[in-house]
Amino acid sequence: MEVHVQLQTHTKLFCRCLRKFGDAPNSHTCPVCLGMPGALPVLNEKVIELGIRLGLAFNFTINKHSEFARKNYFYPDSPKGYQISQFEFPINENGYMDVELSGGTKRIGITRAHLEEDAGKLIHQKDKSVVDLNRCGTPLIEIVSEPHMCSVEDVRAYLDQLKQTIQYIDVSDCDMEKGNLRVDLNVSLRKIGETELGIRREVKNLNSFRFVEKAIKYEISKQAEILESGGEVVQSTLLWDEKQNRSYIIRTKEDAPDYRYFPDPDLPPVKITQQQIDKINSQMPELPLTKAKRFLVDYSLNSVDVERLISDQKTAQFFEDAVKYGAEPQKVANWILVHLTREIKELKQTLDEIQLTPKMLAELILLIDQGKITDVLARDIFKKMISNGQSASTIIKSDNISVASVDEIGDVISQTLLKFPKELERFKGGDVKLKGFFMGQLMRETRGKADPKVLNSKLDEILNS
Ligand code: ZN
Ligand code: MN
């Protein structure tokens, strides 16, 4: 698999144009990224830092010496007539990733990760095609894996962890809708027991994991059909047709381009020192797998909850901060995964955008623990906290919210039981299941103002007296 990821820099790879998506066409261009004769590229230093971060996260050998090379081909979205990439000497080589699968841990080798510039975008209109060069020259890292993945499950685990880790280390937002993570897929078949890889077909430029899965399944059945009918798979490049759910050939080996790579004479080799690597290493955040293992141990949560909590770094941080303010880990997890997730979804906002802080959530949970509010009241208060940014105690005060006292609860129970003399008779006669019926009536009657535990024990007391 070859995965192209757009690096999270302020400016482009070799010029000072902004790396911005969605602005007016060709508004972020200059002589360098327009490929004007005589314009000279200057390497964006930030890109090297991000390359090293990625190298550290995926156990790569980070090369102290790497070079940029020209990959020559003509296409109208690339005005220089070549792409600046890395060929013989990439920044990262020989990495790997361990993925957790249903059958245990599997190590997937990652051959290399090299830096290169992206092309612009062609927009095809009714009677003409136009080009937007805002993306031209934005920095990419291309991550090439070994042929170690043998199923859709393997691929999905690899891609999910790749994306999650890259987001964790702030190398890219991996926003697939903006094309910031794109997958080229090489699929080949071989008979059981054979070790040599079959001839492959490459499906290029997939921008969703769902299409990746579909393309793998399609290629497997298509290639099996060719081989089983006695034919040969022809090495070829394909694109995915999402409407027809099939891949189609755009070129075969015979017309594969010869890129005539050579070192770019305008760019000196990239030199990286051990000191530089050590410094970046000391600033690396905790990676998802390590965090997952720590959460399991430190907070005694189940693995499903942990997986969801660490799915993105911000949620994980929010959880840990709320726990630091004294709330019980499992309760914090439940509030985040059930109520907070639902509210955010309904509001179509992100965790950053809402006004709730970890401290506010912790306070709410502690108020329930202290019996100051019930779960039912807490849910209403929570909604208000999110919409107006006030703390639970402020809302309790301003809305005059209070929990029913034991005496008040006793009164409600007595009055309620009087409304159901027949049921009470049957209960006394031994039909103890009716207690559930009384509880239901009382919950309705108290409208969440009574602590269910207090209600329950008081009901027992009265029924038994
Ligand atoms: Zn530029
Ligand atoms: Mn590439």
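Given the structure is predicted, the values throughout are model-derived calculations rather than measurements. (Residues numbered from 1 in each chain as written. Chains lettered and ligands numbered in written order. Predicted model: local features only at pLDDT ≥ 70, side-chain atom pairs only at ≥ 80, totals over all residues. Heavy atoms only, no water.)

A. Structural context of the overall build of the protein. Scanning the protein from terminus to terminus reveals 15 helices and 16 strands. Over its C-alpha trace the protein gives a radius of gyration of 30 Å, far above what one expects of a compact globule, namely 23 Å for 465 residues. Seen along its three principal axes, the alpha-carbon backbone of the protein occupies a region of about 95 × 55 × 50 Å. Counting every position in the protein, which comprises 465 residues, the buried fraction comes to 44%. Here the contacts in the protein between residues at least 6 apart in sequence split such that 66% fall between residues at least 24 apart. About 25100 Å² of surface is accessible on the protein, with carbon and sulfur atoms providing 51% of the total. The distance from the centre of the 64 positive side-chain charges to the centre of the 68 negative ones in the protein is 3 Å. (Helix = DSSP H or I, 4+ residues; strand = E, 2+ residues; numbered from the N terminus. Rg over C-alpha atoms; globule rule 2.2 N^0.38 Å. Buried < 20%, exposed > 50% of the residue type's maximum accessible area, 1.4 Å probe, protein only. Contact = heavy atoms within 4.5 Å. Areas by Shrake-Rupley, 256 points an atom, 1.4 Å probe, with all protein chains shown as cover. Lys, Arg positive; Asp, Glu negative; His and termini not counted. Charge placed at Lys NZ, Arg CZ, Asp CG, Glu CD.)

B. Geometry of the sheet that holds strand S15 (residues 262–263). Taken together, 3 strands build an open sheet; the order of strands is S5-S4-S15 and the sheet is antiparallel. Pairing within the sheet leaves two strands with one partner each, and these edge strands are strand S5 (82–85) and S15. In this structure, strand S4 (residues 69–72) lies alongside S15, joined through 2 bridges in antiparallel fashion. Residue pairing in the sheet places Ala69 in a bridge with Pro263 of S15. (Pairing = 2+ DSSP bridges.)

C. Up close: the sheet that holds strand S13 (residues 236–241). In space, the 9 strands of this open sheet follow the order S2-S6-S7-S10-S1-S11-S12-S13-S14, with mixed pairing throughout. Two strands in the sheet have a free side with no partner beyond their single neighbour: strand S2 (61–62) and strand S14 (246–252). Across the face of the sheet, helix H1 (residues 45–57) comes into contact with S2, strand S6 (92–101), strand S7 (104–117) and strand S10 (139–145) while running at roughly 25° to S10. The strands touched by helix H3 (residues 209–228) within the sheet are strand S11 (181–187), strand S12 (201–206), S13 and S14, with S11 carrying the most contacts at an inclination of about 15°. (Axes fitted to C-alpha atoms, helices over the stretch in contact; angles between N-to-C directions.)

D. Seen up close, the coordination of the zinc ion (ligand 1). For the zinc ion (ligand 1), every protein donor is listed as Cys15 (SG), Cys17 (SG), Cys30 (SG) and Cys33 (SG), and the spread of their distances is 2.3 to 2.4 Å. In the primary sequence, the donor residues of the zinc ion (ligand 1) line up as C-x1-C-x12-C-x2-C. In this pair, Cys15 sits in the loop between strand S1 (2–6) and H1 while Cys33 sits in the loop between S1 and H1, placing the two residues 18 residues apart along the sequence. Take Cys33: its relative accessible area is 5%, and that puts it in the buried class. (Donors = N, O, S within 2.8 Å, 3.2 Å for Na, K, Ca; no water.)

E. Focus on unusual backbone geometry. Even without glycine at this site, Asn94 takes up a positive phi of about 55°. With respect to the helices and strands, Asn94 occurs in strand S6. Look at Asn94 and you get exposed, because its relative accessible area is 58%. Backbone geometry at Asn400 places phi at a positive 55°, although glycine is not the residue there. Mapped onto the fold, Asn400 is located in the loop between helix H11 (392–398) and helix H12 (406–419).

F. Main features of the coordination of the manganese ion (ligand 2). For the manganese ion (ligand 2), every protein donor is listed as His4 (NE2), Glu116 (OE) and Glu142 (OE), and the spread of their distances is 2.0 to 2.2 Å. Mapping the donors of the manganese ion (ligand 2) onto the primary sequence yields the spacing H-x111-E-x25-E. Of this pair, His4 sits in strand S1 while Glu116 is found in strand S7, placing the two residues 112 residues apart along the sequence. Take His4 and Glu116: they sit in the same class, and that class is buried.

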